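Each chain, letter by letter, is given below.
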Amino acid sequence: MKLARAIHFDESDINVYYSPARTGEWCISGGFEFSNWSDTDLVGKSRQAFSNGWLGLETFGRVTFVAITQIERAEYERLLGALAQHFVDVYGAPSADAALPTAAAELDEMAQICGSFPPNTLLTIIRELGSEGVRESYRAIESRSAGLEQFAIHGHAGDPQ
């Protein structure tokens, strides 16, 4: 099974999100956070989180880019429990057990998205708020194979540097 991890190319997420996700943490869309939002909620850093942010599953912060990678079943189960508890703590679910189906649906949706692409593919998310609610779309940036010559230093032993 594949999911996605937060990735940073620079420090811009620190400046654009109230709470940035950490590099390497597992992520999902997290669009449920915006289910009751209206145009008046879309200002400043909140607008950026809405428009382009994936949800990290450790910090529950946002990140702009995620990279697809394999996940072990035990790690998936840990994330499932953490997300279910987040639904209790933040959204008022009656118990983690009651929240498990919703947490599983969120993780499974992300696994389905990631399953369509090879490992190391980068994903971005774009959200729009319309009359029918939140609409999400995704953009994939596939990794390119790098030839050895891109990394090798050519020369001979004893050559001056």
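Below you will find a few notes about this structure. If you're wondering where the values come from, they're calculated on a predicted model, not measured in any experiment.

Another point: the pairing of strand β5 (residues 65–70). Direction of pairing for strand β1 (residues 2–7) relative to β5: antiparallel, over a ladder of 6 bridges. Each residue of the ladder has a partner; that of Ala 6, found in β5, is Val 66.

Next up on the list: the packing of helix α3 (residues 73–91) against helix α4 (residues 96–115). Put simply, α3 and α4 touch, their axes get as near as 8 Å, and they point 120° apart. Between α3 and α4, the angle falls in the class oblique. Read as a crossing pair, α3 and α4 show a hand that is right-handed. Contact with α3, carried on its side by Tyr 76, Leu 79, Leu 80, Leu 83, Ala 84, Gln 85, Phe 87 and Val 88, involves Ala 96, Ala 99, Leu 100, Thr 102, Ala 103, Ala 104, Glu 106, Leu 107 and Asp 108 of α4 and no other residues of that element. Grouping the amino acids of the contact of α3 with α4 by side-chain chemistry returns 13 nonpolar, 2 polar and 2 charged.

For α3, which comprises 19 residues, the first-to-last C-alpha distance of 26 Å matches the rise-based estimate of 27 Å (1.5 Å per residue) to within 8%. Among the residues making up α3, those that are buried are Tyr 76, Leu 79, Leu 80, Leu 83, Ala 84, His 86 and Phe 87. Projected down its long axis, α3 shows its buried positions confined to an angular sector of 150°, all on one face. Exposed and oriented more than 90 degrees from the buried face of α3 are Ala 74 and Asp 89. Those residues of α3 that are buried are in contact with β1, β2 (26–28) and α4. Trailing α3 by a residue or two, Gly 92 shows a phi angle of about 80°, which is positive.

This part takes up the sheet that holds strand β4 (residues 62–63). Spatially, the 7 strands line up as an open sheet ordered β4-β3-β2-β1-β5-β6-β7, and their pairing is antiparallel. Among the strands making up the open sheet, the edge pair consists of β4 and β7 (133–141). Its contacts with the sheet place helix α2 (residues 44–52) against β3 (54–56), β4, β6 (122–130) and β7, and it is angled at close to 115° to β6.

Moving on to the pattern of salt bridges. All chains considered together, the criterion is met by 6 salt bridges. Arg 62 serves as the salt-bridge partner of Glu 33, at 2.5 Å between the closest nitrogen and oxygen. Taken together, the residues span a long stretch of sequence, with Glu 33 in the loop between β2 and α2 and Arg 62 in strand β4 at a distance of 29 residues. Since its relative accessible area comes to 31%, Glu 33 is described here as partly exposed. A salt bridge links Arg 73 to Glu 77; the nearest nitrogen and oxygen atoms lie 2.9 Å apart. Placement of both Arg 73 and Glu 77 in helix α3 is noted, with a separation of 4 residues, approximately one turn of the helix.

Bringing the side chain of Arg 127 into the picture now. Looking at the secondary structure, you find Arg 127 in strand β6. Polar side-chain contacts of Arg 127 include one of 2.9 Å to the side chain of Glu 136. Arg 127 has contacts with Ser 29, Gly 30, Gly 31, Phe 34, Ala 49, Phe 50, Ser 51, Gly 53, Arg 62, Val 134, Arg 135 and Glu 136, leaving out every residue within four places of it along the chain.

In this section: the environment of Thr 121. Looking at the element boundaries, Thr 121 is found in the loop between α4 and β6. The exposure class of Thr 121 is buried, given its relative accessible area of 0%. Along the primary structure Thr 121 and Ala 4 are separated by 117 residues, whereas in three dimensions their C-alpha atoms are 9.1 Å apart.

Let us now look at unusual backbone geometry. Although it is not a glycine, Phe 60 adopts a positive phi angle of roughly 60°. Structurally, Phe 60 can be placed in the loop between β3 and β4. One non-glycine residue with positive phi stands out, namely Asn 120, at about 75°. Residue placement: Asn 120 occurs in the loop between α4 and β6.

Rules of the game
Residues numbered from 1 in each chain as written. Predicted model: local features only at pLDDT ≥ 70, side-chain atom pairs only at ≥ 80, totals over all residues. Heavy atoms only, no water. Pairing = 2+ DSSP bridges. Helix = DSSP H or I, 4+ residues; strand = E, 2+ residues; numbered from the N terminus. Axes fitted to C-alpha atoms, helices over the stretch in contact; angles between N-to-C directions. Parallel < 35°, antiparallel > 145°, perpendicular 65-115°, else oblique. Left-handed = near helix turned anticlockwise from the far one by under 90°. Contact = heavy atoms within 4.5 Å. Nonpolar A, V, L, I, M, F, W, Y, C, P; charged D, E, K, R; others polar. Expected span 1.5 Å × (residues − 1). Buried < 20%, exposed > 50% of the residue type's maximum accessible area, 1.4 Å probe, protein only. Arc of directions from axis to C-beta. Salt bridge = Lys/Arg side-chain N within 4 Å of Asp/Glu carboxyl O. Polar contact = N/O pair within 3.5 Å; in protein donor to acceptor, adjacent residues only side chain to side chain.

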